[in-house]
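Remarks on the overall topology
The chain contents come next:
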Amino acid sequence: MSEQQPPSSGGIDWGSLREAALKAMEKAYVPYSKFPVGVAAIVTDGRIIAGCNVENASYGLTLCAECALVSTLHLTGGGQLVAFTCVDGDGNTLMPCGRCRQLLFEHAVPGMLLETVSGIRTIDEVLPDAFGPRTLSAYGER
């Protein structure tokens, strides 16, 4: 499978992506924190996928919205993430936590674009020197 490069940020319909994230956020299950999160991403085949957070009374078993997104990615045909956004209950842009950045990196094209609190960034900028599948591939080629 050839790796595709993300389009420039000008080629991404960030409005549609944010709209999908907002719709997903409305489905969040957050009876404990009352902090709904919605995410959306464009996949290499052009699909827009989304996810929301799902809390659990034991807190540690809570699923981040990014987990739901990656599950949806594989459930609906696979591919790689090209562009991503994350919003809170007020529609404000959120930055994924470190764990979720790693999860996104695993399923992203090189240079995937993220809408962040400080503007459009690449996955490599928000998770520099990341360890992932490409690292393992390079190690296996020795």
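Residues numbered from 1 in each chain as written. Predicted model: local features only at pLDDT ≥ 70, side-chain atom pairs only at ≥ 80, totals over all residues. Heavy atoms only, no water.

**Notes on the sheet that holds strand E2 (residues 48-52)**
Taken in spatial order, the 5 strands line up as E2-E1-E3-E4-E5 in an open sheet, and their pairing is mixed. Both outer strands of the open sheet, E2 and strand E5 (119-122), are each paired with one neighbouring strand and no more. Strand-to-strand twist across the sheet, computed as the mean angle between neighbouring axes with direction ignored, equals 20 degrees. Pairing analysis gives 5 bridges linking strand E1 (residues 37-43) to E2, with the strands arranged antiparallel. Residue pairing for E2: Ile42 is matched across the bridge by Ile48. Of the strands in this sheet, E1, E2, strand E3 (81-88), strand E4 (108-116) and E5 are in contact with helix H1 (residues 14-25), which crosses E3 at around 50 degrees. (Pairing = 2+ DSSP bridges. Helix = DSSP H or I, 4+ residues; strand = E, 2+ residues; numbered from the N terminus. Axes fitted to C-alpha atoms, helices over the stretch in contact; angles between N-to-C directions. Contact = heavy atoms within 4.5 Å.)

**Quick look at the pattern of salt bridges**
Taken as a whole, this structure holds 3 salt bridges when the rule is applied. A salt bridge links Glu19 to Lys23; the nearest nitrogen and oxygen atoms lie 3.5 Å apart. Highlighted residues: Glu19 and Lys23, both in helix H1, separated by 4 residues, approximately one helical turn. Classification of Glu19 as partly exposed rests on a relative accessible area of 45%. Between Asp45 and Arg47 there is a salt bridge, with its nearest N and O atoms 2.8 Å apart. Judged by relative accessible area, which is 52%, Asp45 ranks as exposed. (Salt bridge = Lys/Arg side-chain N within 4 Å of Asp/Glu carboxyl O. Buried < 20%, exposed > 50% of the residue type's maximum accessible area, 1.4 Å probe, protein only.)

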